[in-house]
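Per-entry structural report
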Amino acid sequence: MATLSVKPGQRFTVPDWHTNSHLISADAERQRSASHLVRQEARALRNETNNQAKWDEHDNQTRLTERISSVNRWKETLDKCLADIDAEIDALAKVKEAAECALQAKNLPLDVSIECLTLRESRRAIDLVRDPVGEELRKEVKVIDKAKRELQQRVREAFEQLCLLQEARQQLSCDHRCKMEALEIDRMCLSLSVNSPNISFKVNPTRVPDGSTAPDEWERNSQCNKEHAEAEMKASTELREAALLTIAQTNNELEAQRVATEFALRKRIRDLDRAYDELKWQEQNTLEEITEMEEDIRRLEEDLRRKMQDLKVAHTRLETRTYRPNVELCRDQVQYGLTDEVHQLEGTIRALKQKLAESQDALDALYRQLYCVQTDIGYKANSLLLDNKCLESRRRLVVPAEKFVPELDTFNRTTNRALSPPKSGQLELA
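Note that this is a predicted model, so its numbers are computed, not measured.

Counting secondary structure elements, the protein contains seven helices and zero strands. In the protein, which comprises 430 residues, the share counted as buried stands at 29%. Taking contacts inside the protein between residues at least 6 apart in sequence as the whole, the part at least 24 apart equals 85%. Surface summary for the protein: the accessible area is close to 29900 Å², and the carbon and sulfur share equals 55%.

And the structure:
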């Protein structure tokens, strides 16, 4: 009879077996229910976080766009303000230069007045009288001194205002540079995405940097810079108007005094002879003809330069079209038209060059004739009497400096040489 080698284990009843199966099934059902709940919560969390992240990113993109637009508007405002202040600086510098020129121009009338007073001291005996000419000359000296003081004051004020304008421009320029850098940074931030190669985690990125400003403080800073620049430009405009008014007033006063002095002086001088008047008339006409000829030469040169540029364009088009590939390199109507244009422009340039050479020859002839006229005027003036010497000295006040040819002067020990005739639009000394 066979026997068991191992003692059999514990035996369970059938109800226990059924109970165990039910427990395992219940546990599995519970675990699946818990897992399903976790999965649903995870999906909801994913959806919620994805939506939140997308909206946050969209909102910040919008904020960045609005910020860029705001900074760009201020940059354009500063651009205009910088252009305006540059124009004002240039205008004020020109007015300052005009005032300096007017101030410098007063030296000649002052020298002439003192020279005339000194010349008239050479009168002898009964002729050494206090006549209206002497009174007008002394008045003229006072008017010139007053004009020089006023012009010097305007020059000093213009210099100070230019310094203030440069300071305001420096502030605007610094603000403009900062906004350009901010625009570049914000535009780079706007272009970043998850696929950008230069993104990474940063240490404490949410910190508030030192020196940060509030939006209203940022706006106020730019507004203050703009208002400061506008205030300085307004002051500069008023100063320019005042300086121009001073220049005009001093010139008018000096001109009126000069006319009065000339009138008093001319009462003692006989009329110049007919030949002298004729030569002066010829000189004036020659100067006008020179001016017109120089203007025509300038226009010829401009036309010649334009035609050369047109020829360059035509040459470049022809040369560029030679690189058309294969069958596209055809002699079309464009090719013939460009070739005709080149020939036409070359003929035009030759004609313009020939006419320019002829005009230059005519201008040289005018200059030679002008020199002859001025030389003859000098011969005629050399024969005038002593009182005419004062009048001749005063001619420097109305004749351009480039044209005046005084003799060696024993009072200022200088000699002026004849220069080229004045160009069109040159100012005469007041």
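Don't stop here, the text continues.
Turning next to the UniProt feature "coiled-coil region" (unreviewed entry) in the protein. In the UniProt entry, the feature "coiled-coil region" (unreviewed entry) is given for residues 134-161 and 276-369. Along residues 134-161 the backbone is 100% helical and 0% strand, and the end-to-end C-alpha distance reaches 41 Å.

Another point: the pattern of salt bridges. Per the counting criterion, the structure on display carries 23 salt bridges. Between Asp175 and Lys179 there is a salt bridge whose closest N-O contact spans 2.7 Å. Here the residue Asp175 and the residue Lys179 both occupy positions in helix H3 (residues 132-191), the gap between them amounting to four residues, near one helical turn. In terms of burial, Asp175 and Lys179 fall into one category: buried. Here the residues in one salt-bridge network are Glu295, Asp296, Arg298, Arg299 and Glu302, joined through shared partners.

What follows covers the packing of helix H1 (residues 14-105) against H3. It is the contact of H1 with H3, at a shortest axis distance of 8 Å, that shows an interaxial angle of 160°. Taken together, the axis directions place H1 and H3 in an arrangement best described as roughly antiparallel. As H1 packs across H3, the resulting crossing turns out to be left-handed. Here the residues of the contact of H1 with H3 sort into 26 nonpolar, eight polar and 13 charged.

For the rest of this paragraph, the subject is the environment of Met293. Take Met293: it is sitting in helix H5 (residues 274-321). Residues Met293 and Ser359 lie 66 residues apart in sequence; the distance between their C-alpha atoms is 7.2 Å. Ignoring anything within four residues of it in the chain, the contact list for Met293 reads Ser359, Ala362, Leu363 and Leu366.

Turning to the packing of H1 against helix H4 (residues 215-266), a few remarks are in order. With their axes 9 Å apart at the nearest point, H1 and H4 run at an angle of 20° to one another. Between H1 and H4, the interaxial angle falls into the category roughly parallel. In terms of crossing hand, the pair formed by H1 and H4 is left-handed. Of the residues assigned to the contact of H1 with H4, the class counts are 17 nonpolar, six polar and six charged.

In total, this model carries zero aromatic pairs according to the counting rule given. Over the ring of Trp218 we find Arg67; its NZ or CZ atom is 3.9 Å from the centre of that ring.

Attention shifts here to the side chain of Ser196. Along the chain, the position of Ser196 falls in the loop between H3 and H4. The exposure class of Ser196 is buried, given its relative accessible area of 14%. Within the structure, Ser196 has its side chain in polar contact with the backbone nitrogen of Ser193 (distance 2.8 Å).

Glancing now at the confidence of the model for the protein. Taken residue by residue, the protein gives an average pLDDT of 80. The fraction at 70 or more is 84%. Note that pLDDT drops below 50 for residues 407-430; the model gives that stretch 41 contacts with residues more than four away or on any other chain.

Time to look at the environment of Lys353. With respect to the helices, strands and loops of the structure, Lys353 is situated in helix H6 (residues 333-381). Since its relative accessible area comes to 46%, Lys353 is described here as partly exposed. Distance from Lys353 to Glu301, taken between C-alpha atoms, is 8.6 Å for residues 52 residues apart in sequence.

Within the secondary structure, Gln161 sits in helix H3. Overall, Gln161 belongs to the buried group, its relative accessible area being 9%. Here Gln161 is in contact with Leu92, Glu232, Ala235, Ser236 and Leu239, once residues within four sequence places are set aside.

Here is what the cut-offs are and how they apply
Residues numbered from 1 in each chain as written. Predicted model: local features only at pLDDT ≥ 70, side-chain atom pairs only at ≥ 80, totals over all residues. Heavy atoms only, no water. Helix = DSSP H or I, 4+ residues; strand = E, 2+ residues; numbered from the N terminus. Buried < 20%, exposed > 50% of the residue type's maximum accessible area, 1.4 Å probe, protein only. Contact = heavy atoms within 4.5 Å. Areas by Shrake-Rupley, 256 points an atom, 1.4 Å probe, with all protein chains shown as cover. UniProt positions renumbered as here; feature names shortened; annotations may be inferred. Salt bridge = Lys/Arg side-chain N within 4 Å of Asp/Glu carboxyl O. Axes fitted to C-alpha atoms, helices over the stretch in contact; angles between N-to-C directions. Parallel < 35°, antiparallel > 145°, perpendicular 65-115°, else oblique. Left-handed = near helix turned anticlockwise from the far one by under 90°. Nonpolar A, V, L, I, M, F, W, Y, C, P; charged D, E, K, R; others polar. Phe/Tyr/Trp six-rings, centres within 6.5 Å; stacked < 30°, edge-to-face > 60°. Lys NZ or Arg CZ within 6 Å of the ring centre and 35° of its normal. Polar contact = N/O pair within 3.5 Å; in protein donor to acceptor, adjacent residues only side chain to side chain. pLDDT = per-residue confidence, 0-100.

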